[in-house]
Structure formats: C-alpha cells, structure tokens
Amino acid sequence: MDFGDIEEFVLTRMRETKLPSVALGIVRNDELVYARGFGFRDLERGLPATPGTVYGIGSITKSFTALAILKLAQEGRLGLDDPVENYVPLRLRAMGEPIRIHHLLTHTSGIPALGYAEAFINGALGLEGTWLPLSSPSDVLAFMRGYGDWVVSRPGERFFYLNEGYVLLGYVISRVSGIPYEDYVTQHILKPLGMGRTYIRAEDVFRDPEVAVPYIVDRNGTHIPSRFPFGITSDGGLLSNVIDMSRYVRMLINRGELGGARIIGRDYLELAERRYVDVPWRIIGDEGYGYGLIISENFFGRKLVQHSGNVLVYTAYMAYIPSDKLGIVIMSNAQGYPLTKMGIYILTKLLGHEPTELWTFKLEEALKRLEGVYEAYSGTVRVTVTAQGDYLVMKSSTKYTEESVVLIPEEVGDDYARFYTLMYGSRIPVEFTVKDGQVYMLYERYRFIRRR
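What counts as what
- Residues numbered from 1 in each chain as written.
- Predicted model: local features only at pLDDT ≥ 70, side-chain atom pairs only at ≥ 80, totals over all residues.
- Heavy atoms only, no water.
- Helix = DSSP H or I, 4+ residues; strand = E, 2+ residues; numbered from the N terminus.
- Buried < 20%, exposed > 50% of the residue type's maximum accessible area, 1.4 Å probe, protein only.
- Core = buried A, V, L, I, M, F, W, Y, C linked by side-chain atoms within 4.5 Å.
- Polar contact = N/O pair within 3.5 Å; in protein donor to acceptor, adjacent residues only side chain to side chain.
- Contact = heavy atoms within 4.5 Å.
- Pairing = 2+ DSSP bridges.

**A closer look at unusual backbone geometry**
One non-glycine residue with positive phi stands out, namely Leu312, at about 70°. Within the secondary structure, Leu312 is located in the loop between strand 15 (302-310) and strand 16 (315-321). The phi angle at Ser378 is positive, at roughly 60°, despite the residue not being glycine. Tracing the chain through its elements places Ser378 in the loop between strand 18 (372-375) and strand 19 (382-388). A relative accessible area of 66% places Ser378 in the exposed class.

The structure is reproduced here in structure tokens:
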C-alpha cells in the first residue's frame, strides 16, 4: 500500500500544531508492515525520531493494568466482583454500596475524578498548580480519605474517568501477587512478549540511549525541554516504543497470544473488549469503556478497540480492529494534534474510506475553509475568524480593545455552514455561505465577505 497520503497528513498536522516528533507503526496480518519516525526526538541535538524511540504512553498503561487484573482473575486469585476494600486499607463505598474491582476497571465507581494525576504532573513538571507530591499508591490512599464527600452516584451507574481507581488496581495487583506491580507487569506481560525496551522504572529509562526529549509547547509555539513525571505507574507510568508496542497490539489481535506465549485467555480478553458504559468523548459515535480499553462496535461496520495516553510532555495512541487483523501505534514527545484523531484518520484510510465520512474530520475541514479576515459593507467593520479546536473564534479589535466571540458548529457542508453564539443569554445564529468562490458570513445585523 502507498502510505504517501498518510505521511502527508501526519507531517501537516505536526507542522500546524508544532509537534517535535511522531513515531508511527501499522500492524497488519500479524506483521509490523510500516514503522517510521517523523521529526526530531531531540531538537537541540538534531536527533531524528525512529520506530525505536522511547516515549511515555500515558493512560495506555491502563490496558496493561487491566490485563494483569484479568490474569489474576483467570488464576482464581481474585474476583472481578470482589469489593475493593477487601484488598486495600480503605473502606471504599459509594452511597453505601461497595465499589468493586469491575467498577474501577470501567471507571464506574461513582466517584468523579479527584484530580491527583493532573496536580501531580503539573507539580512534577514545575507548572503552576497545586503541589501534590504523591510517590506511592499508599500516598494516593491517604489523599483519597475524604473521597466520600465527592461521590455523586451509586457504583455502576455513571462513567467518571478516575486515575485514582487504576492506582488502587495497581495496589491490588501487588497485594494479591505478593510482588510489586512493576515486577508483575514485567514478568507476566513485557518479558513474555519480548518488550525489552518498555520501561516502568526511571533507572531503566535513563540507561536507554534513544529516549525522546519530552517537550512542552507554550502558547507561542516555543518548544521547552521538560521531563517525564516519574512516580505512580499503574494508571499511566509506562514508556515504550513503536516496535515493542506493535508486539503488544499483535498479541491483542491474536486473542491473547504471540509467538507461542499465552498472555491471557481469549475469554478473559473478550471481557476487556466489552462496552460496559458510554464515554463522553466520541469521534465514531458509539464509544464505550471496557477494561482499560475504549470500544466502538460500529467503526465502518467493525469493532474498534483503542486507548490514548497523555502526560502533557508525551502523548500516545493504540488501536486495533480484530476482524481485519489491523492495528496502529502512534507516539509523540509533546501535546499537539490529538493522536486519537490522527490514528482514526489513518485507520479510516487503511480501510478504504474517506475520513470526511466521520463528523470530526468533516468539521475539521470546514473550519479550515472558513478561516480568514471578513469585512462588512465598504470595509466598515472587520473581523478575523480562526479555528480553535472544534469551533471558530471571531475577533474584532481596535487600538485599545479586543472582543472575541466563540462560534459553536451546528451544521457543516461544502457550501453552507451554520453556527451559533450567545448574546445576553440568547442564541444568535451565524451562517456561512460559499458562492462563486466567495465566502460570506451573516452575523447578527451584519453581512461579511471574506477578503483574505
């Protein structure tokens, strides 16, 4: 297959969002059929990224944690419906009902995010925010003592992404297995799969000669070298590379086995790949959470299994389609264009579809087409329209003032798009029309034409 369109897309999005590097791997029919690094793993030294460059994978780590829990369940050493308080020194309940291991795996404990990971990462990277030096699961347990006042639903009723829950699952793995979480994952997942350059401990990372420099891209687009927030591992602490992660994806596609090494039974893997609860972030439209994995049952008529990761200075994405034996791994050393969108774009192309068949890419193209400087009659009023994320921002300015209006999309097409904004609590429509190569905008009392 010609990967030219994909490579152009990756490089364009890197340029637009200042990503220093991207490493991409594509798995098909049990082979790593494409592996390439784009850009620089180290800008200062001009070192290129390669498929072997090591990046933090963030919350993709949760799939490893879930897999470890499932292995212990398969061996009869714990039950997925066991109350978590059986294993941790904390009475863990929501509205009087015990929170079970299943609830932590699916983020349905009833506890909204307590924000430990956000505060920890901001503190570790020297960013402004709450200083929260939690260095172990025991520290997180102490931090969570007041969680009861934060509960909003019974276990199993609602989805609240809870990093603290996966920290507790790591604690459970250590308690049940009798060895540290890091050792259990290494011995029972990483080593059998030959993932020799996937790391959990800082000392192992520091010995590797090809680790991507982590960067923060500031609001001016400047790349600021930073560091990885080493600390608690079971919710987002693994670092890996495209080559190693392709072996992990191949194992998942092959129903829990790779090269004769059986990591997990097929039945238990399929438990991880079930949709138990809807998630709020949707590109395809039917995404739900399994065990450490996000599931869609209708990605162009196929089941898609995926997860992303983000620790501010590293981002990552992993996905696979079991029916087509197709998988993808993407990693970067900064935040920029969302790697989930990048991955879904690439998978869509690999399946022979056009990305604009999905709303998110149709919207992305429409927003870019509508950017520009608009003028009212005879240039009496001038505004600038720019795309930011999933909406447009319209700005008008004078020597001393600036006013911004956010335009929320409702309908987009090739020749017409409708947005809305709020004024004094009322919805104000904003319409764009393309006619004879010109772009027109109707907003409140004005008609604008795009001049450039």
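**Concerning the nonpolar core**
Judged by nonpolar contacts, the single largest core of 97 residues is most densely connected at Phe64, Leu78, Leu80, Ile101, Met245 and Tyr248. In terms of residues, this core owes the most to one element, helix 2 (residues 61-74), which gives 8 residues. In terms of nonpolar packing, the next biggest core, distinct from the first, is built from 35 residues, Phe9, Ile346, Leu347 and Leu350 among them.

**Here we look at the side chain of Asn241**
Tracing the sequence through the fold places Asn241 in the loop between strand 9 (239-240) and helix 9 (242-253). Exposure remark for Asn241: the relative accessible area of 1% places this residue in the buried category. In terms of polar contacts, Asn241 uses its side chain to reach the backbone amide nitrogen of Ile243, at 3.1 Å. Here the side chain of Asn241 touches Asp244 through a polar contact of 2.9 Å, landing on its backbone nitrogen. Among residues more than four places away in sequence, those in contact with Asn241 are Pro51, Gly52, Thr53, Val54, Arg197 and Met331.

**Topic: the pairing of strand 21 (residues 402-412)**
Across 6 bridges, strand 20 (residues 391-397) lies against strand 21 in antiparallel orientation. Across the sheet, residue Met394 finds its bridge partner in strand 21, namely Val405. Between strand 20 and the antiparallel strand that follows it, strand 21, lie 4 residues. Taken together, the 4 bridges between strand 21 and strand 22 (residues 416-423) define a ladder with antiparallel strand orientation. Bridge pairing in strand 22 places Ile408 opposite Tyr420. Taken together, strand 21 and the strand that follows it, strand 22, pair antiparallel across an intervening segment of 3 residues.

**Here's the deal with the sheet that holds strand 14 (residues 294-299)**
The strand order across the open sheet formed by 9 strands is 3-2-1-17-16-15-14-13-12, and the pairing between neighbours is antiparallel. Two strands in the sheet have a free side with no partner beyond their single neighbour: strand 3 (47-48) and strand 12 (277-278). Pairing analysis gives 2 bridges linking strand 12 to strand 13 (residues 288-289), with the strands arranged antiparallel. Bridge pairing in strand 13 links Val277 to Tyr289.

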